[in-house]
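Examining the three-dimensional arrangement
Each chain, written out:
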There are 2 protein chains.
Amino acid sequence: MAWIADAGLAAAVSNAGGLGIIAAGNASPERVAGEVRKAKAQTDKPFGVNIMLMSPYAAEVAELVVAEGVEVVTTGAGSPAKYMGAWTEAGIKVIPVVASTGHAKLVQRSGATAVIAEGGESGGHVGELTTMALVPQVVDAVDVPVLAAGGIGDGRGLAAALMLGAVGVQLGTRFLVAKECGVHQNYKDRVLAANDIDTVVTGKRRGHPARSLKTPFTRRYLEKENDLAISDAELDALALGAGALRRAAVDGDIETGCFMAGQIAGLIKKEQTVQEIIEGLMSEAEGLLREASEWLS
Amino acid sequence: MAWIADAGLAAAVSNAGGLGIIAAGNASPERVAGEVRKAKAQTDKPFGVNIMLMSPYAAEVAELVVAEGVEVVTTGAGSPAKYMGAWTEAGIKVIPVVASTGHAKLVQRSGATAVIAEGGESGGHVGELTTMALVPQVVDAVDVPVLAAGGIGDGRGLAAALMLGAVGVQLGTRFLVAKECGVHQNYKDRVLAANDIDTVVTGKRRGHPARSLKTPFTRRYLEKENDLAISDAELDALALGAGALRRAAVDGDIETGCFMAGQIAGLIKKEQTVQEIIEGLMSEAEGLLREASEWLS
């Protein structure tokens, strides 16, 4: 959620009873520190920072969260092992995103507080395993609490994740269309208009697969990715790091932007406030679980 | 489940309260008719036949199920539209496997009784969408009942599927290790030993992606699939139709067989009777739903 999950969205989620997360992405430490301070000004509830471990600034952001007294860190796109000592010593709750049982066991050994088991139906960087297959296997593999992510867009997904053994869920795509999400309106409109088959994974050839909406950008990238006459360097020049995420989120550039979103985009049909989204999810999930207990009795 | 879901397994599932399915795969009409008659001798409960629409015998098997008075037909690997009229006229309940909302709406228009929304974490032929993302979107798209398949291996998966809006589930991989499943012991042992990351999808280049356990066969196939110097004809000679499924299921040939299985294989740790599997799933799912209603009250 680089360029998307900023202080405003994170604070709104925390104020509504969730745990808001600021996505550091590839942002500079100064920029991340600025977002952390803005979030502190907008909420007195805990919030977190997601550190994208492939970022050139990962090490500096890892220090910054300690200095700023951030309460929760989530990590993506790699192993956070080398930072875990400093974070846990500072009392930070560390919740790595994992895509396999092996990765979950590894971060548990390094001192993770919990893990987010994220299926490959999610938006952004993806693994091979799906939420349905991954979550119960991670629950069986580790002793720390497991949150589920990937493919969860409403109360049905939340209730399903709880049945799989998760203690909670992480949502990305659904919050893209929150009123408090400052992403360009074109991005929101694309998510709202998406159907079930409107996402695609690019970047497999370079070992960094990521899911986004089908756009001119993904079409061009895939053509070049599948063309072995195109060098890896040429492919990288086109790639996500090269401003395509900013062009989607900030400029709403349908032609050259990369609009990351999960397969659940097809389910998401309205822009709502964060509070409406969270309350809707909770009441729908509760209703489904109560209804189920009625069939059983 | 070609070469796997035979009369013995299907009758055992129906006798235990499920709906057993005989997989026609690429088998000849004579062979399928033989299995149907064997199943009738082994159960007085309804059972079904799965017709793999890419089979060279699909049209003949489509007639045979009418002639034999089979009560339920499921279909995979394509659109059953051209057979739907004859089947529904004969009173057969038709439940196509679908991998997108578009496909679900299409088969509903053709007269499907229900649909099986199958996520790409399943074994065998796979689509792009995952169970978690697909099932609620299909539930919203059609008026017929939706069953969930893909990534379901225990009561957690069953309860999760019900929360997503499914009225029931289809299991493949879990029944591979049923005592009544006549597959070679090497196949069962490979499923029981699998971990979460032990499956892989082959066949994307030829437009027929299928998931199976990582074996020397899949390694060789993937090498050739990724090598553009290898012709499509050469690739097809290696492919699934060419006996690799039989070599896995019947001969247990670890070297040249193709051992289809879903991502949930990593969860499956014991061989049990069909009755034990079904009762275990039901009681686990019921327990989870009751427990959830207790937190809520």
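This section reports on the structure supplied with the text. On a predicted model such as this, the values are computed, not experimentally measured, just so you know. (Residues numbered from 1 in each chain as written. Chains lettered and ligands numbered in written order. Predicted model: local features only at pLDDT ≥ 70, side-chain atom pairs only at ≥ 80, totals over all residues. Heavy atoms only, no water.)

What follows is about the sheet that holds strand E5 (residues 115-118) of chain B. Residues and elements named next belong to chain B. Judged by pairing direction, the sheet is parallel, and its seven strands sit side by side in the order E1-E2-E3-E4-E5-E7-E8 without closing on themselves. Edge positions in the open sheet fall to strand E1 (20-23) and strand E8 (168-170), since each of these has one partner strand only. For this sheet the average axis-to-axis angle between neighbouring strands, irrespective of direction, equals 30°. Of the strand pairs in this sheet, strand E4 (residues 93-98) and E5 are connected by two bridges, and their pairing is parallel. Following the sheet pairing, Val 98 is matched in E5 by Ala 117. Relative to the sheet, helix H5 (residues 101-109) contacts E4 and E5, its axis offset from that of E4 by approximately 165°. (Pairing = 2+ DSSP bridges. Helix = DSSP H or I, 4+ residues; strand = E, 2+ residues; numbered from the N terminus. Axes fitted to C-alpha atoms, helices over the stretch in contact; angles between N-to-C directions. Contact = heavy atoms within 4.5 Å.)

All names here are of chain A. The tally for this structure, following the rule as stated, stands at six aromatic pairs over all chains. Consider the rings of Tyr 83 and Trp 87, whose centres lie 5.5 Å apart with planes at 35°: the pair is tilted. On the criterion of helical spacing, the pair formed by Tyr 83 and Trp 87 is a turn pair, its members being four residues apart in helix H4 (residues 81-89). Taking the relative accessible area as the measure of exposure, Trp 87 reaches 0% and is therefore buried. (Phe/Tyr/Trp six-rings, centres within 6.5 Å; stacked < 30°, edge-to-face > 60°. Buried < 20%, exposed > 50% of the residue type's maximum accessible area, 1.4 Å probe, protein only.)

As a further point, take the sheet that holds strand E9 (residues 199-202) of chain A. Residue and element names in this part refer to chain A. The strand order across the open sheet built from three strands is E6-E10-E9, with neighbouring strands paired in antiparallel fashion. At either margin of the open sheet sits one strand with a lone partner, and together these are strand E6 (124-125) and E9. Its contacts with the sheet put helix H10 (residues 216-225) on E9 and strand E10 (210-213), and the angle it makes with E9 is roughly 40°.

Moving on, we come to the relation of the copies chain B and chain A. Relating one copy of the chain to the other requires a rotation about an axis plus a shift along that axis. It takes a turn of 180° to lay chain B on chain A, together with a shift of 0.0 Å along the axis; the resulting RMSD is 0.0 Å. Both chain copies can therefore be described as sitting about a two-fold axis. Residue Ala160(B) of chain B places its C-alpha closer to the rotation axis than any other residue of that unit, at 1.9 Å. A shared binding surface is used by both copies, with 100% of the interface residues of chain B retained as interface residues in chain A. (Least-squares fit on C-alpha atoms with pLDDT ≥ 70 in both.)

Right, let's talk about the nonpolar core for a bit. Ranked by internal contacts, the top residues of the largest apolar core, which has 190 residues, are Trp87(A), Tyr187(A), Trp87(B) and Tyr187(B). Contacts of Trp87(A), omitting those with residues within four sequence positions, involve Ile51(A), Ala62(A), Val65(A), Val66(A), Val73(A), Thr75(A), Pro80(A), Ile92(A) and Val94(A). (Core = buried A, V, L, I, M, F, W, Y, C linked by side-chain atoms within 4.5 Å.)

Contacts between the two partners involve 41 residues from chain B and, on the opposite side, 42 residues from chain A. Taken over both partners, the interface formed by chain B and chain A buries close to 3500 Å², and the fraction arising from carbon and sulfur atoms is 66%. Between chain B and chain A we count two salt bridges in total. Where Arg156(A) meets Asp140(B), a salt bridge forms, and the shortest distance between an N and an O atom there is 2.9 Å. Linking chain B to chain A there are 14 residue pairs in polar contact (both at pLDDT 80 or more). For the side of chain B that touches chain A, the secondary structure elements donating two or more residues are helix H6 (131-141), helix H7 (155-163) and helix H13 (274-296) of chain B. Partitioning the side of chain B that touches chain A into residue classes produces 21 nonpolar, twelve polar and eight charged. (Buried area = accessible area lost by both parts, 1.4 Å probe. Salt bridge = Lys/Arg side-chain N within 4 Å of Asp/Glu carboxyl O. Polar contact = N/O pair within 3.5 Å; in protein donor to acceptor, adjacent residues only side chain to side chain. Nonpolar A, V, L, I, M, F, W, Y, C, P; charged D, E, K, R; others polar.)

The next subject is the pattern of salt bridges. Opposite charge on two side chains makes pairing possible when the charged atoms of those side chains draw close. Tallying each qualifying case throughout the model produces 26 salt bridges over all chains. Here Arg156(B) and Asp154(B) are joined by a salt bridge, their closest N and O atoms 3.0 Å apart. Both residues of the pair, Arg156(B) and Asp154(B), count as buried. Put simply, Arg206(B) and Asp232(B) hold a salt bridge, and the shortest N to O gap is 3.1 Å. Highlighted residues: Arg206(B) in the loop between strand E9 (199-202) and strand E10 (210-213) and Asp232(B) in helix H11 (residues 232-238), separated in sequence by 26 residues. Since its relative accessible area comes to 29%, Arg206(B) is described here as partly exposed. Each of Asp140(A), Asp154(B), Arg156(B) and Glu284(B) takes part in salt bridges that share partners, so that together they form one network.

As a further point, take the pairing of strand E7 (residues 146-149) of chain B. All names here are of chain B. Of the two faces of E7, the one lined by Val 146 and Ala 148 and the one lined by Leu 147 and Ala 149 are each fully buried. For E5 and E7, the ladder comprises four bridges, and the chain directions are parallel. Its bridge partner lying in E7, Glu 118 is registered against Ala 149. With three bridges joining them, E7 and E8 adopt parallel strand pairing. Following the sheet pairing, Leu 147 is matched in E8 by Gly 168.

Let us look at the packing of H7(B) against H13(B). Residue and element names in this part refer to chain B. Two elements in contact, H7 and H13, have axes separated by 7 Å at closest approach and are oriented at 60°. Regarding the angle of H7 to H13, the classification is oblique. In the packing of H7 onto H13, the handedness of the crossing is right-handed. Between H7 and H13, the residues in contact are Gly 155, Arg 156, Leu 158, Ala 159, Leu 162 and Met 163 and Leu 281, Met 282, Glu 284, Ala 285, Leu 288 and Leu 289, respectively. Grouping the amino acids of the contact of H7 with H13 by side-chain chemistry returns nine nonpolar, one polar and two charged. (Parallel < 35°, antiparallel > 145°, perpendicular 65-115°, else oblique. Left-handed = near helix turned anticlockwise from the far one by under 90°.)

Residue and element names in this part refer to chain B. Of all the positions in H5, only Thr 101, His 103, Ala 104 and Val 107 are classed as buried. Each buried residue of H5 sits inside an arc of 160° when the element is viewed along its axis, so together they form one side. Close packing links the buried residues of H5 with helix H4 (81-89), E4, E5 and H6. In the segment just after H5, Gly 111 is the residue with positive phi, at about 105°. (Arc of directions from axis to C-beta.)

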